[in-house]
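# Reading the structure
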Amino acid sequence: MKCKYRQGSKECNLPALKNSKDGYCILHERSDNKDIEEFRKAIEEKLSKGDFDFSGCYFPPDFSFEGVIFEGDVDFTLAEFKRADFSGAEFKGKAKFSLTKFYGVPGLYPAANFRGAKFHDEVRFGGAKFYGDCWFDNAKIEKIVFDNTDIQGRLEFFVNELNSAEFKQTSASYIWIGKNTSTIPRESERLHVKYLHFEFVTVSDQALFENLDVETAIFFGLTAGCCQFKNVRFKRVGLNVSSRLTSERSPGYFFMDDAELGSDYNEDEIHVDIHSDSSLRLTNVKFYTKTKLLLRCKDEAHLRDVEFYRDVDFHVSEFYGETYIDAKFHGKIDLRGTKFLGKARISGNFENVLLAGCDVEHVDLTYVRWRRDYKILDEIELENTTKSGEIKEIESKWKNIETVYRKLKLSYKNHGDYDTAGKFHYREWECKRKRVGKYSTKTVKGKLLNFIATNFSWINLYRIIFGYGEKPFRVIFASLFVILLGALVYMFYGIVIIPEYRIIDYKVSITSSTPIKEILSDFLYCFYASALTFTSLGSGEFYPYSSVSKAFAVIEAFLGVFLISLFIVVFTRKMLR
């Protein structure tokens, strides 16, 4: 009587056991009490014939394939193992473990042991279940696929060689992938992988990636209790990782130490999306390629010795706890929409930064280096837009940049750097002035209207006279200009010197024979008279002669009171700060 086991179109040709309730042979009989020797002989006979179809086989506890060489394709579909041992085995063809079940003893025996195994072709664990740990230490693997696999234990993947690995819709309690080394890892001691793919993988405890060098890495929907990357290099990467708080053993942190992402020859943009329910730390990480970085951290976030060699877009990241960013930026920085809701400090080069919509008022920026004119990239780009004639919502855009400068001013005020706060106060008012020029620059009329609006407004006068309150010594120069102008008015429109009863009026009295010494003497006296009038001190030794001189004397006295008062207020405010 033949074995009644069927799997699709496959039939078993072995004879059924006499005492089998299901009519199964020695290989498919699902009993731990079957004759082990008879089972072993049946396996050896299949191996000797080059028959590597073990689909549906039920392997008794501790049955070992240690050191066995499988010359062709192997099929363990729907097989069942208890403490499977494939240590040192060699698979020269494809290996299939679809819907296979592996049972182990937690803390004592792994569910499957593939230590030192060699897979020369593809090995698949589609739908397989591991009720315990699974070990691949020191294995050599061409391509391995975990698809819809359930690993209720640790997956230790410290292999010697790995070309490609895919994990799709897989769950495990612990995943450890990389190359084991007892010394300080060198370049040659990294595990070199061509392709690493994680898609909707859940790790309840910890996911650890150590000593890896991967050409293409895709992490799409990796969720772990804790996630760590140590001494890794990804030349092309898409990283979407979530570290969530699940237990005391899994505090929900994300750590990346001594890592390199992208490559100097790679023009593509890499995406890094990290969500941490606890701490987030990037230490000594280098981004060689244009990077879109989305970070969401509910606790401490530390980016130390991080270097971005090209543009980086923080892509509306969110930092809820204490945040510290110490980075070198060699390209453009996009912090638009980024939220810093806790205490934060940033150091680095902000010469090319976009900040619209960023909660920058909560950030300590005293260690940031800005452009010499303290312009942010938002303003520079908007200036270029207006020059090209694009004026859609131009007023609201200038208001947004004005708000950014106001927030920067508040940030520096809050951290005691009033000098830099004043620089951003100046830029805030510059945006107010430029906001007035809202006409299209595509026409001559529009250019003229913009010129008039921005250069002949009270705001521009405010800028010229004392730099929006940040440059008090401009008031002195403005005062000197008024006094000098007064001296010329009095010299050419007449002033009477009372003691001598002499009239200085060069509009009518100057001739080619007038000595230079006399002209200079008269100018100095007019300058003296203008200064006394400006300061409102007055003097009984002179008075204006013509109506023009009299009118200007009144205006000068008024301007003198205004400018002197203005200087006192601005200078006192500046010094007190």
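The notes below deal with the structure included here. Remember, predicted model here, so these are calculated numbers, not experimental data. (Residues numbered from 1 in each chain as written. Predicted model: local features only at pLDDT ≥ 70, side-chain atom pairs only at ≥ 80, totals over all residues. Heavy atoms only, no water.)

Let's shift gears to a nonpolar patch on the surface. The grouping of Leu484, Leu488, Phe492, Tyr493 and Val548 at the surface amounts to a nonpolar patch, some 380 Å² of accessible area in total. Position of tyrosine 493 among the secondary structure elements: in helix H7 (residues 473–493). Judged by relative accessible area, which is 32%, tyrosine 493 ranks as partly exposed. (Patch = residues over 30% accessible without salt bridge, like charges linked within 9 Å, V, L, I, M, F, W, Y side chains within 5 Å. Areas by Shrake-Rupley, 256 points an atom, 1.4 Å probe, with all protein chains shown as cover. Salt bridge = Lys/Arg side-chain N within 4 Å of Asp/Glu carboxyl O. Helix = DSSP H or I, 4+ residues; strand = E, 2+ residues; numbered from the N terminus. Buried < 20%, exposed > 50% of the residue type's maximum accessible area, 1.4 Å probe, protein only.)

What follows covers a negative patch on the surface. On the surface, a cluster of negative charge is made up of Asp35, Glu37, Glu38 and Glu44. Structurally, glutamate 44 can be placed in helix H1 (residues 36–48). The partly exposed category is assigned to glutamate 44, whose relative accessible area is 48%. (Lys, Arg positive; Asp, Glu negative; His and termini not counted. Charge placed at Lys NZ, Arg CZ, Asp CG, Glu CD.)

Right, let's get into helix H4 (residues 418–435). Counted at 1.5 Å a residue, the expected span for H4 with its 18 residues is 26 Å, and the 25 Å between its end C-alpha atoms agrees. The element H4 is largely enclosed, with a buried count of 15 among its 18 residues. (Expected span 1.5 Å × (residues − 1).)

Residue position: aspartate 364 is located in strand S31 (residues 363–369). Among buried charged residues, aspartate 364 stands out as having no salt bridge; its nearest opposite-charge side chain is arginine 345, 4.8 Å away. For aspartate 364, the side chain forms a polar contact with the side chain of threonine 366, separated by 2.7 Å. (Polar contact = N/O pair within 3.5 Å; in protein donor to acceptor, adjacent residues only side chain to side chain.)

A few words on the pairing of strand S16 (residues 161–168). Alignment of strand S14 (residues 140–147) against S16, held across seven bridges, turns out to be parallel. Paired with isoleucine 144 across the two strands is alanine 165, which belongs to S16. Relative to strand S18 (residues 191–243), S16 is paired through five bridges, and the arrangement is parallel. Paired with lysine 168 across the strands is glutamate 199, a residue of S18. (Pairing = 2+ DSSP bridges.)

Relative to the elements of secondary structure, tyrosine 426 occurs in helix H4. You can call tyrosine 426 buried: its relative accessible area is 13%.

Here the focus is the sheet that holds strand S34 (residues 542–544). Strand order in this open sheet of three strands is S33-S32-S34, and the pairing throughout is antiparallel. Whereas interior strands pair on both sides, the edge strands pair on one side only; in this sheet they are strand S33 (502–504) and S34. For this sheet, the mean angle separating the axes of adjacent strands, direction not counted, is 25°. In terms of strand pairing, strand S32 (residues 495–497) meets S34 through three bridges, oriented antiparallel. (Axes fitted to C-alpha atoms, helices over the stretch in contact; angles between N-to-C directions.)

So, on to the nonpolar core. Core analysis: the biggest nonpolar cluster contains 127 residues, and Phe136 and Trp370 have the highest contact counts within it. In terms of residue count, the dominant contributor to this core is S18 (21 residues). Not counting residues within four places of it along the chain, the set of residues in contact with phenylalanine 136 comprises Phe114, Arg115, Phe119, Phe125, Ile141, Ile144, Phe146, Leu155, Glu156, Phe157, Phe158 and Val159. Listed in part, the 15 residues of the second largest apolar core include Met491, Cys526, Ala529 and Phe552. (Core = buried A, V, L, I, M, F, W, Y, C linked by side-chain atoms within 4.5 Å. Contact = heavy atoms within 4.5 Å.)

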